[in-house]
Amino acid sequence: IAGITQAPTSQILAAGRRMTLRCTQDMRHNAMYWYRQDLGLGLRLIHYSNTAGTTGKGEVPDGYSVSRANTDDFPLTLASAVPSQTSVYFCASSAGLAYNEQFFGPGTRLTVL
Amino acid sequence: AQSVTQPDIHITVSEGASLELRCNYSYGATPYLFWYVQSPGQGLQLLLKYFSGDTLVQGIKGFEAEFKRSQSSFNLRKPSVHWSDAAEYFCAVGAPGDYKLSFGAGTTVTVRA
C-alpha cells in the first residue's frame, strides 16, 4: 500500500539520550517534511527537504537534525533529548511545491522524561 | 512570511446541523490555502485546497470552502454534519514558489447526537 510509514509508533526516552525517528515514503515524492504537534499550537515545521541531498530549517529546528540520502527516507534525529521535545511527530511528503497535497504518516508519539 | 489564524479552538455542533470553521490568513498576495482533517490518533488528510480560479471549492466528505480575498479568509463549511465529522480541522497556507506550509492551531469539532 502506497504511503508513508513512521517508526516507532511511540517511544519513552530518558532525557539526554539520542533518538532517531524514521520516515519512509514510497510515492517517489520530491519533498518531505517533519512536523511536531502540540496541544494548542497545531503543527509546526521542524525541517524539510525539497529533494534528495538538500534539507532546510523550518519554524522550530533547534535540537533536531535531518538527512536526505535518498528519495524515500527522511530520518529525524534528536541528538540529546529534552522534556520539551515531548510531542507527536508527523512526517509528510509531497510532489514538490506548496500547491501540492502533503501526505502524512501516522505519527510517532515521543515522551522524554 | 505567511501565517494562519483559526479563531475557534473548539466547536460543538448537533448532528444534522450546519458547520462553519473560520480561517484567516496573512500573506501579501494570493496564497495557496488548504483544509486538513485529523481524526483521533490519525495523521492529517486533505479535505480541499485553493490556489486559483473559482473561489468556492468543493472537497471530500461534503465539505466546501470559500476564498474571500477582501477578508483574508478561507472558511470551511458543511451543510449537515455527521457524527463521523468529529475531528480536528487545520487550515494551512503556502506561498507560490515555496515548498512549506504554515498551519493554524486547529479547531476541534465535537458532534452531539
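Right above here is the structure, for reference.
Here we summarise the structure given alongside this text. (Residues numbered from 1 in each chain as written. Chains lettered and ligands numbered in written order. Predicted model: local features only at pLDDT ≥ 70, side-chain atom pairs only at ≥ 80, totals over all residues. Heavy atoms only, no water.)

Looking only at helices and strands, chain B has zero helices and 12 strands in total. Listed by position from the N terminus, the elements making up chain B come as β-β-β-β-β-β-β-β-β-β-β-β. Against the globule reference of 13 Å for 113 residues, chain B gives a C-alpha radius of gyration of 13 Å, in line with a compact fold. Taken across its 113 residues, chain B has 46% of its residues classed as buried. Residue pairs in contact within chain B that sit at least 24 positions apart in sequence constitute 55% of those at least 6 positions apart. (Helix = DSSP H or I, 4+ residues; strand = E, 2+ residues; numbered from the N terminus. Rg over C-alpha atoms; globule rule 2.2 N^0.38 Å. Buried < 20%, exposed > 50% of the residue type's maximum accessible area, 1.4 Å probe, protein only. Contact = heavy atoms within 4.5 Å.)

Our focus in this paragraph is the overall build of chain A. For chain A, the helix and strand inventory stands at zero helices and 11 strands. The C-alpha atoms of chain A give a radius of gyration of 13 Å, which matches the 13 Å a tight globule of 113 residues would have. Along the longest, intermediate and shortest principal axes, the C-alpha atoms of chain A span 35 × 30 × 30 Å. Across the 113 residues in chain A, those meeting the buried criterion constitute 50%. Considering only contacts in chain A between residues 6 or more positions apart, those separated by 24 or more positions represent 55%. Put simply, chain A shows about 5200 Å² of open surface, and 52% of that area lies on carbon and sulfur atoms. The positive charge centre, built from 9 side chains, and the negative charge centre, built from 7, are 8 Å apart in chain A. (Areas by Shrake-Rupley, 256 points an atom, 1.4 Å probe, with all protein chains shown as cover. Lys, Arg positive; Asp, Glu negative; His and termini not counted. Charge placed at Lys NZ, Arg CZ, Asp CG, Glu CD.)

Contact residues are listed per partner, giving 23 residues for chain B and 22 residues for chain A. Buried area between chain B and chain A, both sides added, is near 1800 Å², and the carbon and sulfur share of it is 62%. On inspection of chain B and its partner chain A, the count reaches zero salt bridges. There are three residue pairs in polar contact (both at pLDDT 80 or more) connecting chain B and chain A. Sorting the residues of the side of chain B that touches chain A by element identifies strand 5 (32-38), strand 6 (44-50), strand 10 (87-94) and strand 11 (101-103) of chain B as the ones contributing at least two each. For the side of chain B that touches chain A, the element with the most residues is strand 5 of chain B, which contributes four residues. Here the side of chain B that touches chain A is composed, by residue class, of 12 nonpolar, seven polar and four charged. (Buried area = accessible area lost by both parts, 1.4 Å probe. Salt bridge = Lys/Arg side-chain N within 4 Å of Asp/Glu carboxyl O. Polar contact = N/O pair within 3.5 Å; in protein donor to acceptor, adjacent residues only side chain to side chain. Nonpolar A, V, L, I, M, F, W, Y, C, P; charged D, E, K, R; others polar.)

On to the packing of aromatic side chains, then. Residue and element names in this part refer to chain B. Tallied over the full model, the rule gives 13 aromatic pairs over all chains. Ring plane angle 50 degrees and centroid distance 5.6 Å describe the contact between Phe63 and Tyr89, whose orientation is recorded as tilted. Of this pair, Phe63 sits in the loop between strand 7 (56-58) and strand 8 (64-68) while Tyr89 sits in strand 10, and the two are 26 residues apart along the sequence. (Phe/Tyr/Trp six-rings, centres within 6.5 Å; stacked < 30°, edge-to-face > 60°.)

Residue and element names in this part refer to chain A. According to the stated counting rule, one finds two disulfides over all chains in the structure shown. A disulfide bridge connects Cys23 with Cys91, and the sulfur atoms are separated by 1.9 Å. Judged by the sign of its S-S torsion, about -70 degrees, the bond between Cys23 and Cys91 is left-handed. In this pair, Cys23 sits in strand 3 (residues 19-25) while Cys91 sits in strand 9 (residues 87-94), placing the two residues 68 residues apart along the sequence. Considered together, Cys23 and Cys91 belong to a single accessibility category, that of buried residues. (Disulfide = S-S within 2.5 Å.)

Residues and elements named next belong to chain B. Mapped onto the fold, Lys78 is located in strand 9 (residues 73-78). Side chain to side chain, Lys78 and Asp85 meet in a polar contact 2.8 Å long. If near-sequence neighbours (up to four positions away) are discounted, Lys78 is found in contact with Ala17, Ser18, Leu19, Lys61, Gly62, Phe63 and Asp85.

This brings us to the nonpolar core. In terms of nonpolar packing, the biggest core is built from 26 residues, with Trp35, Leu48, Phe74, Leu76 and Tyr89 of chain B touching the most fellow members. Of all the secondary-structure elements, those providing two or more residues to this core are strand 2 (10-14), strand 3 (19-21), strand 5, strand 6, strand 8, strand 9, strand 10 and strand 12 (107-112) of chain B. Every residue in contact with Leu76 of chain B, bar those within four places of it in the chain, is listed here: Leu19, Glu20, Leu21, Trp35, Leu47, Leu48, Phe63, Glu64, Ala65 and Tyr89 of chain B. Tyr48 and Phe104 of chain A together with Tyr36 and Leu46 of chain B belong to the second-largest nonpolar core, a separate cluster that totals 20 residues. (Core = buried A, V, L, I, M, F, W, Y, C linked by side-chain atoms within 4.5 Å.)

The omega angle of the peptide bond from Ala7 of chain A to Pro8 of chain A is 0 degrees, so this bond is cis rather than trans. Tracing the backbone shows Pro8 of chain A in the loop between strand 1 (4-7) and strand 2 (10-13). The phi dihedral of Lys61 of chain B is positive, around 60 degrees, even though this residue is not glycine. Within the secondary structure, Lys61 of chain B is located in the loop between strand 7 and strand 8. Owing to a relative accessible area of 42%, Lys61 of chain B belongs among the partly exposed residues under this scheme. For Ser72 of chain B, which is not glycine, the phi dihedral falls at a positive 50 degrees. Along the polypeptide, Ser72 of chain B turns up in the loop between strand 8 and strand 9.

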